[in-house]
Amino acid sequence: MTPALAQEATTATAETAVKDFSVGSPDAKVKMVEYASFTCPHCATFHETVYPQLKTEYIDTGKVHFTLREVYFDRYGLWAALIARCGGDMKYFGIHDMLFAQQKDWAASEDPMQVVEKLKTIGRAAGLEDAAMDACLNDTANAEALIKQFQTNFEADGVEGTPTLFINGSKHGNMAYEDLKAILDAELAK
């Protein structure tokens, strides 16, 4: 028996439980995990050009269960994740979509305060209150738990960059939708 890969494990600590966010049927035949950073331009392109079709044709139809694993290469990516997570299960993927769609606007600034304000603008558009976002951004224990989980999972799964995809446990790099579709269809045919 081999040890479970991090993408298959659930991590929780006594102090702060950290969860990954998923969409699609948990009973889907294909389990897909994406390692992505909210500040990664290739991830933004994936979410602009591949993810919408993936969601429509595979996730929404119950064929694929999709999980996003956040990667924090920088503080802006961590802050973006804290804002997305602040919305909880109901708002996470909506905020996720806005973060990737508006990445060039908020992630490009060299002024951290401007980045925070732009992230809060995205949060407000999703219905989050400033006080809640301030609490989420200032939750040091949660941020430390997220970083620890990211480092553990990233290393355990041998991830070297983003986006990295795991499809039923097999690791893949970034790809066009047609290539992803071929892999998913092959998995579904098994």
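Residues numbered from 1 in each chain as written. Predicted model: local features only at pLDDT ≥ 70, side-chain atom pairs only at ≥ 80, totals over all residues. Heavy atoms only, no water.

## Some points on the overall build of the protein chain
Within the protein chain one finds 9 helices and 5 strands. In summary, the protein chain has a C-alpha radius of gyration of 16 Å against a globular reference of 16 Å for 190 residues, a match within 12%. The burial tally for the protein chain puts 47% of its 190 residues in the buried class. Restricting the contact set of the protein chain to residue pairs at least 6 apart, pairs at least 24 apart contribute 77%. Carbon and sulfur atoms make up 54% of the accessible area of the protein chain, which totals about 9500 Å². Positive and negative charge centroids in the protein chain, built from 17 and 28 side chains respectively, lie 3 Å apart. (Helix = DSSP H or I, 4+ residues; strand = E, 2+ residues; numbered from the N terminus. Rg over C-alpha atoms; globule rule 2.2 N^0.38 Å. Buried < 20%, exposed > 50% of the residue type's maximum accessible area, 1.4 Å probe, protein only. Contact = heavy atoms within 4.5 Å. Areas by Shrake-Rupley, 256 points an atom, 1.4 Å probe, with all protein chains shown as cover. Lys, Arg positive; Asp, Glu negative; His and termini not counted. Charge placed at Lys NZ, Arg CZ, Asp CG, Glu CD.)

## Regarding the side chain of Lys 120
Note that Lys 120 resides in helix H6 (residues 112-125). Leaving out residues up to four positions away in the same chain, Lys 120 has contacts with Met 133, Asp 134 and Leu 137.

## Some points on the pattern of salt bridges
Opposite charge on two side chains lets them pair, provided their charged atoms get close. One pass over the full model with this rule turns up 11 salt bridges. The residue Lys 55 makes a salt bridge to Asp 60 at a minimum N-O spacing of 2.7 Å. Lys 55 sits in the partly exposed class, given a relative accessible area of 28%. Each of Glu 57, Lys 181 and Asp 185 takes part in a single network of salt bridges with overlapping partners. (Salt bridge = Lys/Arg side-chain N within 4 Å of Asp/Glu carboxyl O.)

## A word on the state of the cysteines
In a disulfide, the sulfur atoms of two cysteines are covalently bonded to one another. As enumerated under the stated definition, the model contains 1 disulfide in all. Covalently, Cys 86 is tied to Cys 136 through a disulfide, its sulfur atoms 2.2 Å apart. Between Cys 86 and Cys 136, the S-S dihedral sits near 80°, and the bridge is therefore right-handed. With Cys 86 in helix H3 (residues 75-86) and Cys 136 in helix H7 (residues 130-137), the pair connects residues that are 50 residues apart, well separated along the chain. Pair check on accessibility: Cys 86 and Cys 136 agree, each one buried. (Disulfide = S-S within 2.5 Å.)

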